[in-house]
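One-letter residues, chain by chain:
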Amino acid sequence: MAERAIPTPTPESQHYWDGTKQGELRIQACNTCEQNYFPPRPFCPKCGSRDVKVVKASGKGKLYSYIINHLPSPGFTPPFTVAIVELEEGVRLMTNLLEVEPDPAKLELDMPLEVTFEKLTDDISLPQFKPAK
Amino acid sequence: MKRNSVAIVGAAETTDLGKIPNLSQIGLHADAALNALAECGLTIKDIDGVATAGHDVTEVVHYLGITPKWVDNTSVGGCSFMLHVRHAAAAINSGLCETVLITHGESGRNRIGQLNRAIFPSLFQTQFEQPYGVTFPPTRFTIPVMRYMKEYGLTEEQLASVAVVQREWAAKQSRASFRDPITVDDVLSSKMICYPFRLLMCCLVTDGGGALIMTSAERAKDFPTKPVYVRGTGESAETPLISQMEDFTSSRAFRVSGKSAFEEAGISHSDVDHLMIYDAFAHLPIYGLEDLGFVKPGEGGAFIADGNTRPGGQLPLNTNGGGLSYMHSGMYGMYALQEGMRQMRGVSDAQVEGAEISVVHGVGSMFGAAGTIVLTNNPG
């Protein structure tokens, strides 16, 4: 099979991937309507304002939903968990769940999660989540 | 659109369905198109508008030998054909063209001449979802369901019952891929695909195609086929990212599209005799019943498990057996429309006696887009 998909940053998302490389999870916030948002773009998707900033997220969140993928996937050994984490800041991200077995008995919705970073290449580190200590 | 101002006068599927090793993707488009033209007494020269999805419309135009005045290549996944019906109705009403052909063909199983669809690549998806190992639709479309199950107490048994009930309908359908009865236990013991989804909760992968021919209600009176009128239409889109759905228990695109179609049609839910909800996976009829307003949020699973949508139930749903049992080439919306057409013509293998209004609801690119068409055989 093909190799694992590696993200290609765009000018609009470069800050996000620069952040993950430094061990920082960055989201964005609107200075006009004060909403946090993700994925990256240089304007607020809630109100359209271009007056936005990049902010460092706490890296803490909860398990919002998940599947346990039994299908083959390049770079993965099934079964593995694909989850959605809802950050304390209110935005949701896709993630895998590391340091916990892909077993429904071990995966309780709303369980606390914390960010970690998986180095894929010299340029790209991928945010991942694991059960909070 | 103006209620009942446009009619569907031709509707046909490919000559064969399921495994079709002797036709490529474009060949499936053409086979369905020629079948639809033949049944309503038209030739390719009568067509002046063409719409298709998942294939370049210019190739369909050239392959069939059409000189169009209007084309639509809207490709938002499996519900694209519902959007085509809506767009064609507007085009016909505004005089852009007179007679529209909508085609679908997909060699989903044999993959002959299958082209990469223009619907799935998303810049955000390649950065923020694909690196986590999501690939085929079963790995993405299913992701919101655990949250729904927690919020509303939907059980795996109820989810399995969707497949069981639809197999009851498929048993009546001579062209359905799978017709043998199944039980909830059968579904729950089938191969795990993406927990909590097992094989029998996932759609088929088959070859086939379908075509529709539309014209004004005025001209439709002169056709040999019994016209089916487009009474209401809706469409919407939300996001190509399953992770960014506003609400994991409800589709915004479903709600917007459904509301528009019901308002245009001027109908209430009790007026609906027959319903099709695109079921790529077992949770979709549940979301659909709720987001279209047939039941309250959280009630869809029990509504189906209790038998309300089965043969003899109060709301016949997915009477061809759906994507779970009838066929699913990849973009199933065309087949949902075909069964809506058969019901309105009174010729379905699982005919709902006396049915006058059929609602056909499609989903596309996971929960990315939606389209809803209200069909009727009684323009009043």
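Residues numbered from 1 in each chain as written. Chains lettered and ligands numbered in written order. Predicted model: local features only at pLDDT ≥ 70, side-chain atom pairs only at ≥ 80, totals over all residues. Heavy atoms only, no water.

On to the sheet that holds strand β2 (residues 49-52) of chain B, then. Residue and element names in this part refer to chain B. Spatial ordering of the open sheet is given by β3-β2-β4-β7-β1-β8-β11-β10-β9, a layout of nine strands whose pairing is mixed. On the outer flanks of this sheet lie β3 (70-72) and β9 (274-277), each paired with one strand and no other. Each strand axis lies, on average, 20° off the axis of its neighbour in the sheet, ignoring direction. Pairing of β2 with β3, which is carried by three bridges, proceeds in the parallel orientation. Residue pairing in the sheet places Gly-49 in a bridge with Trp-70 of β3. Against the sheet, helix α9 (residues 252-265) engages β8 (228-237), β10 (357-364) and β11 (369-376), with an angle of about 150° to β8. Packed on one face of the sheet, helix α10 (residues 284-291) meets β9 and β10 and runs near 125° to β9. (Pairing = 2+ DSSP bridges. Helix = DSSP H or I, 4+ residues; strand = E, 2+ residues; numbered from the N terminus. Axes fitted to C-alpha atoms, helices over the stretch in contact; angles between N-to-C directions. Contact = heavy atoms within 4.5 Å.)

Taken together, the contacts link 39 residues of chain A with 33 residues of chain B. Surface buried jointly by chain A and chain B totals about 3,000 Å² across both partners, of which 64% is contributed by carbon and sulfur atoms. The largest share of the area that chain A buries against chain B comes from A:Ile67, A:Leu71 and A:Met94, three residues that together contribute 22% of it. In this structure, the salt-bridge partner of A:Asp110 is B:Lys150, at a minimum N-O distance of 3.0 Å. In this structure, the connection of chain A to chain B is made through 18 residue pairs in polar contact (both at pLDDT 80 or more). For the side of chain A that touches chain B, the secondary structure elements donating two or more residues are α1 (14-21), β4 (60-69), β5 (80-87), β6 (92-96) and β8 (125-131) of chain A. Broken down by element, the side of chain A that touches chain B gets its largest block of residues, seven residues, from β4(A). Partitioned by chemical class, the residues of the side of chain A that touches chain B number 25 nonpolar, ten polar and four charged. With two bridges joining them, β4(A) and strand β5 (residues 192-195) of chain B adopt antiparallel strand pairing. In the strand pairing of β5(B), A:Ile68 is matched with B:Tyr195. (Buried area = accessible area lost by both parts, 1.4 Å probe. Salt bridge = Lys/Arg side-chain N within 4 Å of Asp/Glu carboxyl O. Polar contact = N/O pair within 3.5 Å; in protein donor to acceptor, adjacent residues only side chain to side chain. Nonpolar A, V, L, I, M, F, W, Y, C, P; charged D, E, K, R; others polar.)

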